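Chain by chain, the residues run as shown.
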Amino acid sequence: AANHSEACAVAGAMRSLLALLCGAASLATASSSSHLKTSGTPPTTPTAGRKDPGKVPIIDIGPLFDYDDPARAATVKEIGEACAKWGFFQVTNHGMVAEVEADFCEQMKAFFALPLENKHKVKRTQTNSRGFADDELTKQKQDWKQLFDLGHVPDRTKPSSDPANLVMDGYNQWPSSDLPRFEEAMMTYYDACERISIALMEAIAESLNLPREAFSSNFKPHTSYLRLNWYPLCPEAGDGSTLGISRHTDAGALTVLRQDVVAGLEVYSGSKQDNDDGQWVGVEPVLGAMTINIGDMLQVWTNGVYAAPEHRVRANKQQERYSAPFFYNPAYDAMIAPQVAGLDAAVSSHHADGTTRYQVINWGYFRGQRFAGDFSDVGKEIQIEDYLRGSEGVHYHRQREELEAQGGH
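Peer 1: How should I be thinking about the overall build of the protein chain in this particular structure?
Peer 2: Per the secondary structure count, the protein chain includes 9 helices and 16 strands. Residue burial in the protein chain is summarised as follows: out of 409 residues, 54% are buried. Working note: accessible area of the protein chain is about 17,300 Å², and carbon and sulfur atoms make up 52% of it.

Peer 1: Got a minute to help me understand the nonpolar core in this structure?
Peer 2: Side chains of nonpolar character tend, in soluble globular proteins, to be buried together. Counting 78 residues, the largest nonpolar core has Ile79, Ile204 and Phe215 as its most contacted members. For this core, the element with the highest residue contribution is helix H6 (residues 182-207), accounting for 15 residues. Ile204 has contacts with Ile79, Cys83, Phe215, Leu254, Ile294, Leu298 and Tyr306, leaving out every residue within four places of it along the chain. Phe88, Tyr231, Val283 and Val313 belong to the second largest nonpolar core, which has 11 residues in total.

Peer 1: Could you clarify how one ought to interpret the pattern of salt bridges in this entry?
Peer 2: When charged atoms on two side chains of opposite charge get close, those side chains can pair. Scanning all chains against the criterion turns up 21 salt bridges. The salt bridge partner of Arg212 is Glu206, with a shortest N-O separation of 3.8 Å. Of the residues examined, Glu206 reaches a relative accessible area of 24% and is grouped as partly exposed. Across the salt bridge formed by Glu266 and Arg312, the nearest N and O atoms sit 2.7 Å from each other. Of this pair, Glu266 sits in strand E10 (residues 265-268) while Arg312 sits in strand E13 (residues 311-314), and the two are 46 residues apart along the sequence. Classification of Glu266 by relative accessible area gives buried; the value is 15%. Here Arg312 falls in the buried class, since its relative accessible area comes to 1%. Each of the salt bridges in this network shares a partner with another, and the network as a whole consists of Arg124, Glu136, Asp149 and Arg227.

Peer 1: Sorry, what's going on with the packing of aromatic side chains here?
Peer 2: Any pair of aromatic rings gets described here by the distance separating the centres and the angle formed by the planes. All told, the structure shown has 20 aromatic pairs when counted by the stated rule. A ring pair is formed by Phe148 and Trp174, whose centres lie 6.4 Å apart and whose planes are at 35 degrees; its orientation type is tilted. A residue pair is termed long-range when its members are at least 10 positions apart, and Phe148 in strand E6 (residues 146-151) and Trp174 in the loop between E6 and H6 qualify at 26 residues. Judged by its relative accessible area of 0%, Phe148 is buried.

Peer 1: Where do I start with the sheet that holds strand E11 (residues 280-282) in this structure?
Peer 2: Hydrogen bonds between backbone atoms are what pair the strands of a sheet, whose relative direction is either parallel or antiparallel. Within the open sheet, the 4 strands sit side by side as E8-E13-E10-E11. Their pairing is antiparallel. Two strands in the sheet have a free side with no partner beyond their single neighbour: strand E8 (243-248) and E11. This sheet shows a mean twist of 25 degrees between the axes of neighbouring strands, independent of strand direction. Of the strand pairs in this sheet, E8 and E13 are connected by 3 bridges, and their pairing is antiparallel. The residue of E13 that forms the bridge with Leu243 is Arg314.

Peer 1: Which parts of the structure should I look at to understand the sheet that holds strand E12 (residues 290-294)?
Peer 2: Reading across from one edge, E1-E2-E12-E9-E14-E7-E6-E3 is the order of the 8 strands in this open sheet, with mixed pairing throughout. Edge positions in the sheet fall to strand E1 (58-60) and strand E3 (131-133), since each of these pairs with one other strand and no more. Shown here is a sheet whose adjacent strand axes are inclined to one another by a mean of 25 degrees, direction ignored. Across 3 bridges, E1 lies against strand E2 (residues 88-92) in parallel orientation. Directly across from Asp60, in E2, lies its bridge partner Thr92. Relative to E1, helix H3 (residues 72-85) is tilted by about 160 degrees, and along the sheet it contacts E1, E2 and E12.

Definitions and cut-offs
- Residues numbered from 1 in each chain as written.
- Predicted model: local features only at pLDDT ≥ 70, side-chain atom pairs only at ≥ 80, totals over all residues.
- Heavy atoms only, no water.
- Helix = DSSP H or I, 4+ residues; strand = E, 2+ residues; numbered from the N terminus.
- Buried < 20%, exposed > 50% of the residue type's maximum accessible area, 1.4 Å probe, protein only.
- Areas by Shrake-Rupley, 256 points an atom, 1.4 Å probe, with all protein chains shown as cover.
- Core = buried A, V, L, I, M, F, W, Y, C linked by side-chain atoms within 4.5 Å.
- Contact = heavy atoms within 4.5 Å.
- Salt bridge = Lys/Arg side-chain N within 4 Å of Asp/Glu carboxyl O.
- Phe/Tyr/Trp six-rings, centres within 6.5 Å; stacked < 30°, edge-to-face > 60°.
- Pairing = 2+ DSSP bridges.
- Axes fitted to C-alpha atoms, helices over the stretch in contact; angles between N-to-C directions.

Now the structure itself:
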């Protein structure tokens, strides 16, 4: 036990040092960021007369990786409370190997340092969501960032572009001629994030008095993707004209985010900013921690007991920022429906009559429509509100038509 504690302390110290090194701010070059345009107006943060909501909790999740750990039940309870209040929390002792994170961080920064024309060689397209982009839209507003997306590979023994690896989201594109170690570093980190996600989803199920494996069958195979974000210096930051990313909720089940030491991420403490029932709270980076938030599919699974929180990223005129969210997503054919029958009555009292708030959502359809809105302005993006029982929107009906045409549900 003493040796284990010493090892954890050393690993924690290494992660803290790593975060400092990887998060050190540097000046962004004009040649790499001059093409970005300002757009959108960040709304005013309503704080006057509001009770201080506090801070997003920090949870040691080490006990989750040992089913026999006597501290596991207390950790599960902490996670449940964080999901119910915030939908956001930060985790330490998560098992990410420091060397894996260091290699990943080095390769991420090396990619964004490439000349723009080199990055455009692996630019994503309307039919392939994987690759580089500098024109991402959130809520029909262009983000102040560059990104690179990569996702699951059905058969890693074959090249990414092999037909066997072509999935609904497309296929991975790699800048191998510029960065020969990039692919290996990305996929190793991707696998580590998957391990963390599985442990958290099991704990979330347990926190609702559901079997540990309650959600597992929906992820066979999972269709997760990893995103690299770079937020260059923004001259207009702070004047109300630009956000790094506009407010939104994440579409999938769970997000595992690596922040650097530059702050910028904010979560809304109420239900939705449109309801004016909360305020924007900064999620301050914690050295060595991962930041977790729940997504739309988990909100549907829990019938709204755990709600996907709105969050956004502030632009910064003094420091560039890097982040890397891993979006843990279900299988394309997964049919997402509220699991009301098994929910603990103590946490689902507002739906104790057994009613479900949402119609069934096909993840593949939902994901495809969400990417379409990220890639170009298609008007109002698909939301889980389109599936609210009794007020079903156009996407619910389109999904039914598509599935019926395919001979599905």
